[in-house]
Amino acid sequence: MGPLIPNGFLSYEWNIIIAVLIGLAFGFILEASGFSSSRKLAGVFYGYDFAVLKVFFTAALVSVIGLYYMDYLGWINMSMLYVHPTYLWGAIIGGAIMGIGFVAGGFCPGTSICAVAIGKLDAWVYVIGIMIGILIFSEAFPIFEKIYNGYYLGNITLVDSFELPASWIILAVTLLALVAFFVSDIVRKRVKKVFY
Amino acid sequence: MINRNLAKILSKRYIILASLLFVAALGLVLLPSYQKNENVTAEHLLAKVINPERYITSDVLADKLILKDPSILLIDVRVVSEYEKYTLPGAINIPFDSILNPNYEGYLNQDQYDIVLFSNDNFKADQAWLLLNRKDYKNLHVLNGGINGWYHTILNPPKPTEDMPQEAFELYNFRQAAALYFGVGIKTKVKKEATPIPVKKVVPKKAVVPVVKKKKRKPEGGC
């Protein structure tokens, strides 16, 4: 039956409405769980707070496990879902820059907007920095174009790369996540508490 | 007063939640696998089979070819030797055996051209049509009657008799003109026994179909 819009259960115009509603809920929950604090976010790099790791890993697991159960029951057609294309080096370099920005600024793009909404000045600086970055990237695009469009691997997933059934990969990632949670708890207990 | 039992359970909440995740993931592995009927259901296929748009008549096709309609992509599903003997102008040869060959997917899986499949009669082309529809490819048609039908209607049309309506004569004239266009001059008094008529070998133009990747809108966002 699903996905709802491509299969005609909802008209195309609902796309943007649902996106806005999910966005509102996402922003609200980010703020409610304290993700608009750069200290909390940066904690994952210093070892005093692993909420970011736990929340996003759990969210990914819940959605992937749920989607595959729904696929099994015939409620959604996984082959119709959008898979983001992989541009290998673009993703690696972009990920590294994002990581540096994350640890230096204490926000990721989504949470910085959230923090702007509650009036944090450091978040304003961060968002202006993003804008400057976008400007530089756009102006210097011919230089980056080869990386941006190169090393194209198609719309691949781990299932395609490892040639294993999806369920085994999900189990492996779940175990990886649980180990990461366990280790992060040990690290957190060893690291000096930071009050924030 | 604090409920002690509840507190005992809550103190282990992370263990419980973690094992819940693990059990759910393990459940996916242990579920029995089954062959899914992806995309094309039997009802979906039936609706396409009974749709009259599935067929294109040789007259309509001849008209489009004469007008050099760029949206038509002719696919000859006969074997190579037959294709080399005679085919329709501009047709591409994809033998029936290799219709699912991934090398040809670029020609068949697209939504810019109206694909017309043909073989000697309807039979092979219909089978190819069904297989390709099963793959959920778009804009597929079958030339009604195939090459034989083409020969009997366009290249060697039956002369209408006196008592036929005006349209039959117009159609006959069109077909004669089309036959001339396709390189077969038919005299009005051609004897039926004169078959095989000299089929002028038309060198088929190899149509090149650019494979255009479907552009999807990139979702934006991140964490």
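Residues numbered from 1 in each chain as written. Chains lettered and ligands numbered in written order. Predicted model: local features only at pLDDT ≥ 70, side-chain atom pairs only at ≥ 80, totals over all residues. Heavy atoms only, no water.

- Named according to an unreviewed UniProt entry, chain B is Rhodanese-like domain-containing protein originating from Maribacter arenosus.

- The name an unreviewed UniProt entry assigns to chain A is YeeE/YedE family protein, from the organism Maribacter arenosus.

### So, the interface of chain B and chain A
Thought 1: With 21 residues of chain B at the contact, the number on the chain A side is 27 residues.
Thought 2: Here chain B is connected to chain A by 0 salt bridges.
Thought 3: Tallied by class, the residues present in the side of chain B that touches chain A amount to 14 nonpolar, 3 polar and 4 charged. (Contact = heavy atoms within 4.5 Å. Salt bridge = Lys/Arg side-chain N within 4 Å of Asp/Glu carboxyl O. Nonpolar A, V, L, I, M, F, W, Y, C, P; charged D, E, K, R; others polar.)

### Comments concerning the sheet that holds strand β2 (residues 72-76) of chain B
All names here are of chain B.
Thought 1: Taking strand neighbours across the sheet as the criterion, the 5 strands line up as β1-β5-β4-β2-β3 in an open arrangement whose pairing is parallel. In this open sheet, the two strands that pair with only one neighbour each are β1 (55-56) and β3 (92-93).
Thought 2: Two elements, β2 and β3, share 2 bridges in a ladder whose sense is parallel. For isoleucine 75, the partnering residue across the bridge sits in β3 and is isoleucine 92.
Thought 3: Along the sheet, helix α4 (residues 58-66) contacts β1, β2, β4 (114-118) and β5 (140-143); its crossing angle with β2, the most-contacted strand, is approximately 120°. (Pairing = 2+ DSSP bridges. Helix = DSSP H or I, 4+ residues; strand = E, 2+ residues; numbered from the N terminus. Axes fitted to C-alpha atoms, helices over the stretch in contact; angles between N-to-C directions.)

### Some details on the pattern of salt bridges
Note on pairing: side chains with opposite charge can pair once their charged atoms come close.
Thought 1: In this structure the tally under the stated criterion is 7 salt bridges over all chains.
Thought 2: Where Arg188(A) meets Asp185(A), a salt bridge forms, and the shortest distance between an N and an O atom there is 3.5 Å. Of this pair, Arg188(A) and Asp185(A) both sit in helix α9 (residues 166-190), separated by 3 residues, roughly a single helical turn.
Thought 3: Here Asp126(B) ties to Arg54(B) by a salt bridge, and the two come within 2.5 Å at their closest N and O atoms. One end of the pair, Asp126(B), is in helix α7 (residues 122-134); the other, Arg54(B), is in the loop between α3 (42-49) and β1, with 72 residues separating them in the sequence.
Thought 4: Here the salt bridges do not stand alone but share partners, grouping Lys54(A), Asp185(A) and Arg188(A) into one network.

### Considering the packing of helix α3 (residues 51-72) of chain A against α9(A)
Each pair of packed helices gets described by two things: the angle between the helix axes and the distance between those axes.
Residues and elements named next belong to chain A.
Thought 1: The interhelical angle for the contact between α3 and α9, taken along N-to-C directions, is 160°, at an axis separation of 11 Å. Relative to α9, the element α3 lies roughly antiparallel. As for how α3 packs across α9, the hand of that crossing is left-handed. Only Ala166, Ile170, Val173, Thr174, Leu176, Ala177, Ala180, Phe181, Ser184 and Asp185 of α9 make contact with α3, whose side of the interface consists of Leu53, Lys54, Phe57, Thr58, Leu61, Val64, Ile65 and Tyr68.
Thought 2: Residues belonging to the contact of α3 with α9 are distributed by class as follows: 13 nonpolar, 3 polar and 2 charged. (Parallel < 35°, antiparallel > 145°, perpendicular 65-115°, else oblique. Left-handed = near helix turned anticlockwise from the far one by under 90°.)

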